[in-house]
Amino acid sequence: MDIDTSKLGVYDVEISLNERIFLSKLEIVDVEAPIVDVKDLKLSFYSELTPDMFIEKIEDDTECSVKFEKDFVKKDGLQNVTIIVEDSAGNVTRKIATL
């Protein structure tokens, strides 16, 4: 039986040892945080702003959500913004961008 270890899930396996067969389960889980590239933005003060606008690239094997670390309040001038990307397994990446 070949198991595709790139696919998350629980698989039934048979282990053969000394002419005996043991049944077990193998669980493939995601323990890797998403790989994220962010970009800095320049916007007018009144422009709409969402965390997705800072994302250049997300690499992960599962679905990811993107949010600001805390409620974001726009101010005049440059400011750092922390973007959080979390995959469906709960692994988190934090990135700082400038607005």
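Each remark here, short or long, concerns the structure printed above.
Our subject in this report is the structure included herewith. (Residues numbered from 1 in each chain as written. Predicted model: local features only at pLDDT ≥ 70, side-chain atom pairs only at ≥ 80, totals over all residues. Heavy atoms only, no water.)

1. With respect to the packing of aromatic side chains
The description of an aromatic ring pair uses the distance of the two centres, along with the angle that the planes make with each other. This structure, assessed with the given rule, holds one aromatic pair. Ring geometry for F54 against F68: centres 6.2 Å apart, planes inclined by 75°, an arrangement best described as edge-to-face. Note that F54 is positioned in the loop between strand 3 (35-38) and strand 4 (55-59) and F68 in strand 5 (residues 64-68), a separation of 14 residues in sequence. F68 carries the same exposure label as F54, and that label is buried. (Phe/Tyr/Trp six-rings, centres within 6.5 Å; stacked < 30°, edge-to-face > 60°. Helix = DSSP H or I, 4+ residues; strand = E, 2+ residues; numbered from the N terminus. Buried < 20%, exposed > 50% of the residue type's maximum accessible area, 1.4 Å probe, protein only.)

2. With respect to the sheet that holds strand 7 (residues 92-98)
An order of 5-6-7 is seen for the three strands of this open sheet, with the pairing classed as antiparallel. The open sheet has two edge strands with one neighbour each: strand 5 and strand 7. Each adjacent strand pair in this sheet contributes to an overall mean axis angle of 25°, direction not counted. The sheet contact formed by strand 6 (residues 80-87) and strand 7 spans seven bridges and is antiparallel. Note that in strand 7 the partner of V81 across the bridge is A97. (Pairing = 2+ DSSP bridges. Axes fitted to C-alpha atoms, helices over the stretch in contact; angles between N-to-C directions.)

3. Comments concerning unusual backbone geometry
A positive phi is found at N18, a non-glycine position, where the angle reads about 50°. As for its placement among the helices and strands, N18 is situated in the loop between strand 1 (9-17) and strand 2 (20-28). For E19, which is not glycine, the phi torsion reads 65° and is therefore positive. Here E19 shows up in the loop between strand 1 and strand 2.

4. Topic: the nonpolar core
In terms of nonpolar packing, the biggest core is built from twelve residues, these being V36, L41, L49, F54, I55, V66, F68, V81, I83, V85, A97 and L99. Listing elements by their share of this core, those giving two or more residues are strand 5 and strand 6. If you tally residues by element for this core, the top one is strand 6, at three residues. If sequence neighbours within four positions are ignored, V81 has contacts with F54, F68, F72, K95, I96, A97 and L99. (Core = buried A, V, L, I, M, F, W, Y, C linked by side-chain atoms within 4.5 Å. Contact = heavy atoms within 4.5 Å.)

5. Some thoughts on the environment of T98
For T98, the location among the structural elements is in strand 7. Through-space distance from the C-alpha of T98 to that of I58 is 18 Å; in sequence the pair is 40 residues apart. There is a polar contact of 3.4 Å between the side chain of T98 and the side chain of N80. (Polar contact = N/O pair within 3.5 Å; in protein donor to acceptor, adjacent residues only side chain to side chain.)

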